[in-house]
Amino acid sequence: MPRDEPTRRFPFRFDPVFRLPLALLGVRPATAWVDWGPDGLLVRFGPWLLRTTRDNVTGAELSGPYRWWRAIGPHLSAADGGVTFGAGVAAGVCLRFAEPVPALAPGPWPRHPAVTVTVADPAALRDAVAAGAPDL
């Protein structure tokens, strides 16, 4: 992605039934999005923040649907240490990293090898990441 390309914002898809519980955690449409741009990847999910450079993103795969208890809210995967930020159960994108990044706790630990996000248009996010990373 050339440096003069604009940052693209991908809002989360909020299933209506989960809006109130997520709002109690500080996660609302106004505080939850994924930005992909020249400066890298930024995931904001209420008070949680994940930031990394574009060249650290090594993969983007569509996933879902999910079971609500595994996808809604912030989650740590016991299987691989990845993090999920979910506001819907229909579909999402798993973004993989060359170097794990912090996201769930303040400070540098724990570090996660991937993040799954349930954005409103998962295919568009996957395609944007793939277009900005020639080896994907």
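What comes next concerns the included structure. Everything numeric here is computed off the predicted structure, so don't read it as measured data. (Residues numbered from 1 in each chain as written. Predicted model: local features only at pLDDT ≥ 70, side-chain atom pairs only at ≥ 80, totals over all residues. Heavy atoms only, no water.)

### Examining the overall build of the protein chain
To keep things clear, this is the line we draw: Secondary structure follows DSSP: runs of H or I at least 4 residues long count as helices, runs of E at least 2 residues long count as strands, and numbering of each begins at the N terminus. The atom set for the radius of gyration is the C-alpha atoms, and the globule formula is 2.2 Å times the number of residues raised to the power 0.38. Only protein chains enter the calculation, and the probe is 1.4 Å; a residue is then buried if its accessible area is under 20% of its type maximum, exposed if over 50%, and partly exposed in between. Here a residue-residue contact requires only that any non-hydrogen atoms of the pair lie within 4.5 Å. Per-residue and other accessible areas follow the Shrake-Rupley method at a 1.4 Å probe size, with only the shown protein chains counted as cover for residues.
Scanning the protein chain for helices and strands turns up three helices and nine strands. Reading the protein chain from its N end, one meets helices and strands in the order β-α-β-β-β-β-α-β-β-β-β-α. In terms of overall dimensions, the protein chain is globule-like: its C-alpha atoms have a radius of gyration of 14 Å, near the 14 Å expected for 136 residues. The principal-axis extent of the C-alpha atoms belonging to the protein chain is close to 40 × 30 × 25 Å. For the protein chain, buried positions account for 44% of its 136 residues. Residue pairs in contact within the protein chain that sit at least 24 positions apart in sequence constitute 61% of those at least 6 positions apart. Summed over all atoms, the accessible surface of the protein chain reaches about 7100 Å², with 58% contributed by carbon and sulfur.

### A look at the pattern of salt bridges
This is how the line gets drawn: Every case where a carboxyl oxygen of Asp or Glu lies within 4 Å of a side-chain nitrogen of Lys or Arg is listed as a salt bridge.
According to the stated counting rule, one finds four salt bridges in the structure shown. Its salt-bridge partner being R9, residue D35 comes within 2.7 Å of it at the nearest N-O pair. Placement of the pair is D35 in strand β2 (residues 32–37) and R9 in strand β1 (residues 8–11), with a sequence separation of 26 residues. Take D35: its relative accessible area is 10%, and that puts it in the buried class. One salt bridge connects R96 with E61, and the closest N-O pair in it is separated by 3.7 Å. Pair noted here: R96 is in strand β8 (residues 92–102) and E61 is in strand β5 (residues 57–63), with a separation of 35 residues, a long-range link. Judged by relative accessible area, R96 falls into the partly exposed class, the value being 31%. Take E61: its relative accessible area is 42%, and that puts it in the partly exposed class.

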